Amino acid sequence: MAKNKSNTWENVVKPIVVLVVICLITSALLAVTNYFTAPIIKEKEQQAAYAAYFEVLPGADSFTTVEGFATTGVEEAVKADNGTGYAFKAVGKGFGGDVPVIVGVDMDGVITGVSFMQNSETSGFGARLWDGSEDGATYAAELTGKSGSVALGQDGVNGLSGATVSSTAVVNAVNSALNCFAEVALGQEATVEEAAPATLEEAVTALLGEGAAEASAEGAVAAYTSADGALTLVAVEAEGFAPMTVAVSFDAEGVVADLWVDVSGQTQGIGTPAGEAAYTDQFVGLSDAAAVDGVDTIAGATLSSDGVKTGVAACMEIFQTMKGGN
Amino acid sequence: MNSKVKTLTNGLLKENPVLRLVLGTCPTLAVTTAASSGLGMGIAATFVLICSNIVISALRKVIPDKVRLPAYITIIATFVTIVQMLVKAFFTELDTALGVYLPLIVVNCIILGRAEMFASKNKVVDSALDGVGMGLGFTLTLVLMGSFRELISKGSIFGVMILPESLDRFTLMGSAPGGFFTFGLFMALVVWIEIKTNNRIKRSIGCEGCPSKGACAGKGECE
């Protein structure tokens, strides 16, 4: 009996007790060390995170985060403690996703510096922003010194040659940053971008305005004319990776004014960029099928891009028929 | 006193953990790209080694044989985490230089190996001395290998430019293949020293040549 008891103690209880005690002591040691080092580590990490802001706003010595701003397109806003200005982490929608841009703005609203963080833009094109090549630095220098708002092709802002989509994303991000500056520093109303239309009905309102009237068009899923008759919208079903609705609004001469694509059926992150402004804006201003065909497809998303192109071309044809009067 | 000195100097050459026992190879190859990283890793690992050796030796009669591995690992992991927190707080550049290899000290075979081979069977003072000796040997090897690789791949040692700028750098030495070359070179160097001092230790493969031969109960007992 006694032997059994000691066996149980040796084989079962003692190991458990020893391990538990060891764990309790080690946990206590770790808790104590953490208590003393955690604040120091947090402060060091924050300094490192702010390192990018120091780069674009050289006169600043330390930053405080700005809370509660509403401007869309800005992820973080910090204010320099010594009153030299603000810095923003703004994001633009590029070819491959988000294009993060750090913008420093002084108290007069003038851009003091721009730097680009890692993005997923195409290597050799939009990736030149952050891969260390000179093009990124040149673009940043073009943006420095501007105020109010910036646009590609104006005022010496040339962007990256051959990477229009990425360059536009940067311009959008910089404008978001400037808008945010207007909101937090000058107290102006925040510029909040509306969410993209999710259904054809919402798209009709977004592209044509209120009061659009239905029109008839053969071969189209739907057609509408705007209340003032200046714009006509044609919607078709195109074949992408999966069926997609493509709606194009034309002015009286048949030039593409705007378009909306329902990419909800395309592969998330791969085909869905075919419906985003960065891609669809390339069709705006075109008026013949040849020009539509000339638009590039998105690398790795041929089916979805081709779906948009055939959709736009089909809408054009239907519009011509409508205008020509059958 | 002689045996104490012997314990201390064991780790420097005769039972050098990296070049003779071939333990801790992974961090050795990874952090010896520069001399300063080698030094930092060596000091961090030595600190953990000494502390864990002391604690495990003190508890050697208390920890049941069945649960010795979980107990050792818990103790070692605690010290590594403490070192990691201290390094993150006070030596941030070292944290960036060592990266993931700092928490990987937990599974550094030198520490667990010495716990099994020495600390679990010897008194506290001896175990502490063994920790110091092994740690010194580890650090010394890392610094020498790191200096060698840094000198050839970047032309500097501890950041001080030694080779003239005009000399082309052999950058391959700074990456993985260079690490293996250097490792082999240093092992050959140690064997050469052994031959010269008539201390040639016959190395065999398999169970015969395994440094854990004394602690291990036999083939397959490692499970």
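Residues numbered from 1 in each chain as written. Chains lettered and ligands numbered in written order. Predicted model: local features only at pLDDT ≥ 70, side-chain atom pairs only at ≥ 80, totals over all residues. Heavy atoms only, no water.

What am I meant to see in the overall build of chain A here?
Each helix and strand in chain A was counted, giving eight helices and 10 strands. Out of the 326 residues in chain A, the part that is buried amounts to 40%. Across chain A, every contact between residues at least 6 apart in sequence was considered, and the portion connecting residues at least 24 apart equals 48%. As displayed, chain A has an accessible area near 16500 Å², and 53% of this comes from carbon and sulfur atoms. (Helix = DSSP H or I, 4+ residues; strand = E, 2+ residues; numbered from the N terminus. Buried < 20%, exposed > 50% of the residue type's maximum accessible area, 1.4 Å probe, protein only. Contact = heavy atoms within 4.5 Å. Areas by Shrake-Rupley, 256 points an atom, 1.4 Å probe, with all protein chains shown as cover.)

Any chance you could explain the pattern of salt bridges here in plain terms?
Residue and element names in this part refer to chain B. Applying the stated criterion across every chain, the model contains nine salt bridges over all chains. Arg114 is the partner of Glu15 in a salt bridge, and the nearest nitrogen-oxygen pair spans 3.7 Å. Taken as a pair, Glu15 in the loop between helix H1 (2-10) and helix H2 (25-31) and Arg114 in helix H6 (residues 109-119) lie far apart in primary sequence, 99 residues in all. The class of Arg114 is buried, set by a relative accessible area of 3%. (Salt bridge = Lys/Arg side-chain N within 4 Å of Asp/Glu carboxyl O.)

What is the right way to look at empty space enclosed by the protein in this model?
Where empty space is left in the structure can be found by rolling a water-sized probe over the atoms. Residue and element names in this part refer to chain A. In the structure shown here, the tally under the stated rule is one cavity of 30 Å³ or more. The computed volume of the largest cavity comes to approximately 40 Å³. Taken together, Gly94, Phe95, Val165, Pro273, Glu276, Ala278, Tyr279 and Ile298 form the lining of the largest cavity. Its residues assigned to classes, the lining of the largest cavity comprises six nonpolar, one polar and one charged. The residue makeup of the lining of the largest cavity includes at least three contributed by each of domain 1 (53-184) and domain 2 (200-322). (1 Å grid on protein atoms, 1.4 Å probe; cavity = no way out; pocket = protein on both sides within 12 Å on 5 of 7 lines; lining within 4 Å. Points joined across faces, edges and corners; volume = space filled by probe spheres on them. Nonpolar A, V, L, I, M, F, W, Y, C, P; charged D, E, K, R; others polar. Domains from an automatic or database assignment.)

Got a minute to help me understand the pairing of strand S9 (residues 243-250) of chain A in this structure?
Along any regular strand the residues' side chains alternate between the sheet's two faces. All names here are of chain A. For S9, the buried fraction is high: seven of the eight residues fall into the buried class. Note: strand S8 (residues 232-239) against S9, eight bridges, orientation antiparallel. Looking across to S9, one finds that Ala238 is bridged to Met244. Taken together, the five bridges between S9 and strand S10 (residues 256-261) define a ladder with antiparallel strand orientation. Directly across from Ser249, in S10, lies its bridge partner Asp258. (Pairing = 2+ DSSP bridges.)

Even after reading the chapter, I still don't get the layout of surface pockets, so can you show me in this structure?
Residue and element names in this part refer to chain A. As a volume, the largest pocket reaches approximately 1400 Å³. What lines the largest pocket is a set of 41 residues, and nearest its centre among them are Lys93, Glu193, Ala196, Glu276 and Ala277. No other element matches the seven residues that helix H4 (residues 164-184) contributes to the lining of the largest pocket. Tallied by class, residues from the lining of the largest pocket come to 15 nonpolar, 17 polar and nine charged. The residues that make up the lining of the largest pocket include at least three from each of domain 1 (53-184) and domain 2 (200-322).

How should I be thinking about the state of the cysteines in this particular structure?
Linking two cysteines covalently through their sulfur atoms gives a disulfide. Counted by the stated rule, this structure contains zero disulfides over all chains. In this structure B:Cys26 is not part of a disulfide, and its nearest cysteine sulfur, from B:Cys109, lies 9.1 Å away. (Disulfide = S-S within 2.5 Å.)

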